[in-house]
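In case you want the letters, here they are:
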Amino acid sequence: MSTNSRKRKGVASPSDAAGGPTAKKPRATKQTKGKKAAQEECAPVWPEYFNSVFKVFKALNTVLAFCSSRKNFAITFPVVRTSVESLLHEPLELAKVAELKALLPEIVKFAYTPRVELRIHSDQQVGQNRRERSPDFSAFRTAGASSSRNDVDEDEHVLVLEFLDNARVTKSSNTGFAYALPPALTPAATKKLVERRNNRFVEAVNELLNAAPAEEDPVALLQSAARDHIPVHPGCKDIPEASEADLKGKYRAVPEPEERPAITAVIEEIEQQACYQEQIAYKRVFEAREGQSAILDPPLSGSVAQALCHSRKITSLYTHQVAAINALSQGKNVIVSTSTASGKSVIYQVPLLQFLEADPQSTAIFIYPTKALAQDQRAALEQLLCSCPGLEHVKVATYDGDTPQDLRAGIRETASVIFTNFDMIHASILPHEDTWRRFLKNLKIVAVDELHYYYGIFGSHVAQVTRRLRRVCAAVGNRRTRFVSCSATISKPAQHMRNIFGIENIEEVTEDGAPSGRKDFLVWNPPLKDPMDPSLGRVHSMTEATRLMRFLMARGVRVILFCKIRKSCELAMKTLRQELSADGRLDILDRVMSYRGGYSQEDRRRIEREAFSGNLLGIVATNALELGVDIGVLDAVIMLGFPMGGLASFRQQAGRAGRRARDALAVFVADALPVDQHYIHNPEELFDRSTSDLMVDLDGKVILEAHLQCAAHEMPLTEEDEKYFGPNMREICETKLEKDREGWYHTHPRYLPYPAKHVSIRGIEEEKYSVVDVSRVGKPGGIAQVIEEIELSRALFEIYEGAVFIHQGLTFLVQEVSHDTKMAKLVRSDVNWITEPRDFTNVDALQTYRIREIKGSPHRAFYGRIELFTLVYGYFKLRNKAIIDAVDLDTPPWQRETTGMWLDIPKPVLDLMKDSGMNPAEAIHSAQHAFLNRFPLAVDLRTECKVPEKEYKASTSQRKRPARLIFYEPSGKSGGVAVKAFDHVNDILRDAHERVETCDCEEGCTACVDSPSCKEGNLVSSKPGALIILKALLGLPIDVDLLQQEPGMVSDAFDTVVEATSVRVAEGVEVECA
Ligand SMILES: [Zn+2]
Ligand SMILES: [Zn+2]
């Protein structure tokens, strides 16, 4: 407990979180050194009034300690009040409790909570420690049904009084994971807890007395602070008279967006808050910038100028727009790579209009990464064409998988512009080029938005599709097609453009001429829970992020909160729901929504519209909103944790706030994970480090062959086509295609009649499970409603029987899962726990197809067939991150095969690590990430991440894993990536070794052994361990310094790694040279 921090908490207002600004808090003039010091050196004399408050606190403390030892006891105020009154022999006033809350705002919870939140597990469980086999649904059926979404009585709130200092959390030795079920508190422990809380109260009073200015009466100070802490019933729409006077009233009504305070003022206010404990670890300001316009040469025609003015109010163009449009009219291709990319659509549309004016037969293809974006842009283009004299009748159409068959012929014959995607070009347009001749012959411009979206395997496929498109266009006599693209800031835009389209003559535009407002960037490190005891760790980033979000929304600042994964997105939404209702801010809650993959298309469009119209104050989203879906103007971005997509993703998210003249805020709230903490210590890197190049593999034979089979079907190939497909083409054609007597290559008959059907450019679409809300089935007019569709690979971990499923922050219980019909039935049920699957995935090498020498080393690399075996064997129920129950499940295991590569760790090295007390699991995990970090196509490769709950478990693990670095392709996405890693294993290993050895970080960072996309947050890691493994595999001598750890530190329980046994080798495999 820090005196320093609590000093500021002394008489905090409840508006710390979302209510409003507080009067400046009194600060102590005298520095105290700690708990003891505070009591001994400057224990002030207490005015009598405080002794009476203490008496109330002690009574309350006793009653609450008793209550908390009863697991299933809802601690409502009326219940507590009766008991406290019988102890005190006097009435307990709300005002008195509010004073306690004012003194200990972080510990005392005194607020209205929805009644349904208090429902706890079925009563049979009381006092029993048995693990139940399957959940008891009978207890929920009625409860769930009566509280289904439409029926929830928002006004049904109860006043709750609790302590929040987590008495029940048990701490395990290594990672802070509470693994065992928390035991009920023993009487002795209860006594200790009561004492501890009483001591905290004494400290709080002492601090208040020390901090109060001499001229102020501490009693009056406390009473006035307490007024803000009297809970307001959420159903109470009118603000009580009493609070009008105080500052809290100022933000009871959320300001209109135009009237919101300036961001600088908001930041200042944050720093004045009681809960502010130096969380801002770093600040950077990007100053406002004036727009720079320029003149087009040649100028716009009168009608295009008029159309821009009428439909967009655009009268002048920014420098980057002018540079792009000029270059296109000079016959060049263009890539615009700017941070905000304002006014991108003009860059695509103006040239189109110019082409159409010059030649009404002109056609164009527009490609956007998401359907939503394409729909927005199509509407905007139609509007522009309508206002352009002479072009009103130009036909624009969407041509994608959802376009009905009977409309397709009409589009082919008459449309001038199509909004489509690469999948359609690959599988529908090019294979039927004969019916698309008119269109392809006149194709003047191909506009591809968000070019940075295309990289890795998908990008490599797209690169071949564009080459096929150019080849077919040329064959019908069209060699004039221009390509234009915009992207986020990427490291080598022109090179990426060249890779994707196979074109030269590219103009690169990187100067952004659009105006932009000032932007404040904060790096936010959650404070230690207890500065006197850092081992307790930091306050959870979710708590900090949602608190910040409520604070901003209450001030009319429109916020988007980015979460790393779907689950945290829903948990954040749930937290906001609870906190906003506890604060009585249903007006704000009504204007917050979550947005993520899995939601139905309909729901997503609805949320986008709400956001765009400015109705929403807050959106909680995953990176599904990272790409430019236009959701209107946002004032602030909060990033909860460093994104899995790395720096590029980070900058993309940060860029979502702020436009034009308005000031904006971006906050990165760091998790406790090593990657996040790395950026806390090196925040400059967030802005200044260059992102890695976007990789596109143009030589990969697997992908190239697939597209050559398609291309040959579109038109037989000749040697001349090397100019499209590169030097590897001929060899593949000779070996894999059919050559006729004139020397033309044709598709191998195996792929006929539709070779495109054999190539999925996005990998195989996974089977999906329907998630159905059946809460209202059986009630009048009630029907089952599909609320989400979930891919098989997620379904396993999210919808098992008994799981708590969260949708829009509302909880549902999974009642029944059918793996035959791929359907899960859910009932709406407000439970106050969440569930976490207990599962493992074994990645096992089954058969070796290829073996390769490692240069200068006696060891080998292997490539072959791999089996993935996933078992969800149960789940935990968690409340406040503590496990309250463990349930076993009989879910069938999920097995599938894929390809991958592996490297076995030699037995002597394994023994050496074990003998010197190193944890081999840590070493293997870090070495795997070090390897992937040096492999350009790593986004499409997976590894077996080590799980802290298993590696640091107190008891021996039954599941032993071979000492092996293993990498595999996610099943259904085979694109020859693993074979690529295998082919380059020597270079990658050497590169990884050098990087780890020379990296000057202390315990590992994202440049060497950590990965932002590690499924387990890099918690099991060892930089020296990784180095030993890399050296061993390369046959390099191992430095004894690396081993200097205390022998015997690792107990047998950590022994989860055993020697790798050799894998069956396919017939006829020969060892390839390094
Ligand atoms: Zn490092
Ligand atoms: Zn990992």
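The numbering scheme is per chain: residues are counted from 1 as the chain's sequence reads. The order in which chains are written sets their letters, starting at A; the order in which ligands are written sets their numbers, starting at 1. It should be noted that, the model being predicted, local features are given only for residues of pLDDT at least 70 and side-chain atom pairs only at 80 or more, the latter also being counted only at that level, while totals for whole chains, interfaces and linings use all residues. Water and hydrogen atoms play no part in the side-chain values, which are based on all heavy atoms of the structure.

Asker: Would you mind going over the coordination of the zinc ion (ligand 1) with me for this structure?
Answerer: Geometry sets the ideal angles at a metal, namely 109.5 degrees for four tetrahedral donors and 90 or 180 degrees for six octahedral donors. Here the zinc ion (ligand 1) is held by the protein donor atoms C999 (SG), C1001 (SG), C1005 (SG) and C1008 (SG), which lie 2.2 to 2.4 Å from it. One way to put it: the four donor atoms around the zinc ion (ligand 1) meet at angles of 97 to 118°, and that makes the site tetrahedral. Shown as donors are all N, O and S atoms within 2.8 Å of a metal ion, widened to 3.2 Å for Na, K and Ca; because water is not in the atom set, sites may appear incomplete. Along the chain, the residues donating to the zinc ion (ligand 1) are arranged with the sequence spacing C-x1-C-x3-C-x2-C. Relative accessibility thresholds used throughout: buried, under 20% of the residue-type maximum; exposed, over 50%; partly exposed, between the two (1.4 Å probe, protein chains only). Judged by relative accessible area, which is 13%, C999 ranks as buried. Note on geometry labels: four donors, all angles 85 to 135 degrees, give tetrahedral; four donors become square planar and six octahedral when opposite donors are over 155 degrees apart and every other angle is between 65 and 115; remaining cases are irregular.

Asker: Mind showing me how you'd approach the coordination of the zinc ion (ligand 2) here?
Answerer: The zinc ion (ligand 2) binds to the protein through H925 (NE2), H929 (NE2), C945 (SG) and C1014 (SG), with metal-donor distances spanning 2.0 to 2.2 Å. Given four donor atoms and angles of 100 to 114° at the metal, the environment of the zinc ion (ligand 2) is assigned as tetrahedral. Donor residues for the zinc ion (ligand 2) sit on one chain with the sequence pattern H-x3-H-x15-C-x68-C. With H925 and H929 both in helix α32 (residues 920-933) and four residues apart, the pair spans about one turn of that helix. Judged by relative accessible area, which is 1%, H925 ranks as buried. Note on conventions: DSSP H or I runs of at least 4 residues are helices, E runs of at least 2 residues are strands, and numbering of each starts at the N terminus.

Asker: Help me out: how do you make sense of the sheet that holds strand β22 (residues 785-791) in this one?
Answerer: Neighbouring strands of a sheet are bound in pairs by backbone hydrogen bonds; such pairs are parallel or else antiparallel. Strands sit in the order β22-β21-β25-β24-β23 across an open sheet of five strands; the sheet is mixed. Only two strands of the sheet have a single neighbouring strand rather than two, namely β22 and β23 (804-807). Each strand axis lies, on average, 35° off the axis of its neighbour in the sheet, ignoring direction. Two elements, strand β24 (residues 810-818) and strand β25 (residues 823-828), share six bridges in a ladder whose sense is antiparallel. Pairing of V817 across the sheet is with A824, part of β25. Along the sheet face, helix α21 (residues 566-582) touches β22, β23 and β24 and points at about 75° away from the line of β23. For two strands to pair, DSSP has to find at least two bridges joining them. The axes are straight lines fitted to the C-alpha atoms, using for helices just the contacting stretch, and the angles between their N-to-C directions are given from 0 to 180°. By definition, residues are in contact when any of their heavy atoms lie within 4.5 Å.

Asker: I'm lost on the environment of A415 in this one. Help?
Answerer: Relative to the helices and strands, A415 is located in the loop between α15 (405-414) and β9 (417-420). If near-sequence neighbours (up to four positions away) are discounted, A415 is found in contact with T363, K395, A397, G410, R438 and F439.

Asker: Explain the side chain of H993 here, please?
Answerer: Turning to its location among the elements, H993 is positioned in helix α35 (residues 985-998). Judged by its relative accessible area of 9%, H993 falls in the buried class. The residues contacting H993, other than those within four sequence positions of it, are L1027, L1030, K1031, L1034 and L1036.

Asker: Any chance you could explain the pattern of salt bridges here in plain terms?
Answerer: Two side chains with opposite charge may pair up if their charged atoms get near one another. A carboxyl oxygen of Asp or Glu within 4 Å of a side-chain nitrogen of Lys or Arg is what we treat as a salt bridge. A full pass over the atoms with the stated rule returns 48 salt bridges. A salt bridge links K564 to D671; the nearest nitrogen and oxygen atoms lie 3.5 Å apart. With a gap of 107 residues between them, K564 in the loop between β14 (559-563) and α21 and D671 in the loop between β18 (664-669) and α25 (674-681) connect regions that are remote in the sequence. Owing to a relative accessible area of 21%, K564 belongs among the partly exposed residues under this scheme. Overall, the relative accessible area of 15% leaves D671 in the buried class. Salt-bridge contacts for R934 lead to D991; the nearest nitrogen and oxygen are separated by 3.8 Å. On the criterion of sequence distance, the pair formed by R934 in the loop between α32 and β30 (942-943) and D991 in helix α35 is long-range, its members being 57 residues apart. In this structure R934 comes out as partly exposed when scored by relative accessible area, which is 23%. Judged by relative accessible area, D991 falls into the partly exposed class, the value being 34%. Salt bridges sharing common partners tie together R260, R558, D635 and D663.

Asker: I tried to follow the packing of aromatic side chains on my own but got confused; where do I start?
Answerer: What characterises a pair of aromatic rings is the spacing of the ring centres plus the angle enclosed by the ring planes. Ring pairs are drawn from Phe, Tyr and Trp, using the six-membered ring of Trp, whenever the two centres fall within 6.5 Å, and their geometry is named by plane angle: stacked under 30 degrees, edge-to-face over 60, tilted for the rest. According to the stated counting rule, one finds 33 aromatic pairs in the structure shown. Each ring, one from F521 and one from F687, has its centre 4.6 Å from the other, and the planes form 90°; the classification is edge-to-face. Of this pair, F521 sits in strand β13 (residues 519-524) while F687 sits in helix α26 (residues 684-688), and the two are 166 residues apart along the sequence. Taken individually, F521 and F687 each receive the classification buried, so the pair is uniform in this respect. The structure contains a cluster of three or more aromatic residues connected by ring pairs, namely Y282, F286, F521, F642, F650, F668, Y679 and F687. Taking the ring centre of Y754 as reference, the NZ or CZ of K757 above it sits at 4.4 Å. In this arrangement the basic side chain of R896 is found over the ring face of W894, its NZ or CZ atom lying 3.6 Å from the centre. When the NZ atom of lysine or the CZ atom of arginine is within 6 Å of a ring's centre and also within 35 degrees of its normal, the charge is said to sit over that ring.

Asker: What exactly am I supposed to notice about the pairing of strand β26 (residues 834-853) here?
Answerer: Residues in a regular strand project their side chains so that they alternate between the two faces of the sheet. Note that β26 and strand β27 (residues 860-879) share 18 bridges and pair antiparallel. Across the sheet, T835 pairs through a bridge with K877, a residue of β27. Here β26 hands over to β27 after six residues, with G856 in that stretch at a positive phi of 70°.

Asker: How should the confidence of the model for the chain be read in this particular structure?
Answerer: Should the pLDDT be low somewhere, the predicted coordinates at that spot are not to be read in detail. The pLDDT value tells you how sure the predictor is about a given residue, anywhere from 0 up to 100. Mean pLDDT over the chain: 82, with 84% of residues reaching 70 or higher. Scored below 50 in pLDDT, residues 1-40 shows 111 contacts in the model against residues more than four places distant or in partner chains. Of the regions scoring below 50 in pLDDT, residues 119-155 engages in 76 contacts with residues more than four places distant in sequence or in other chains.

Asker: Is there a simple way to explain the side chain of S428 in this structure?
Answerer: Along the chain, S428 turns up in helix α16 (residues 422-429). Judged by relative accessible area, which is 11%, S428 ranks as buried. As used in this structure description, the phrase polar contact means that two N or O atoms lie within 3.5 Å; if the pair is within protein, one of them must be able to donate a hydrogen and the other to accept it, and residues adjacent in sequence are counted only when both atoms belong to side chains. In terms of polar contacts, S428 uses its side chain to reach the side chain of Y399, at 3.1 Å. For S428, the residues in contact, after removing those within four places along its chain, are Y399, R408, D423 and W436.

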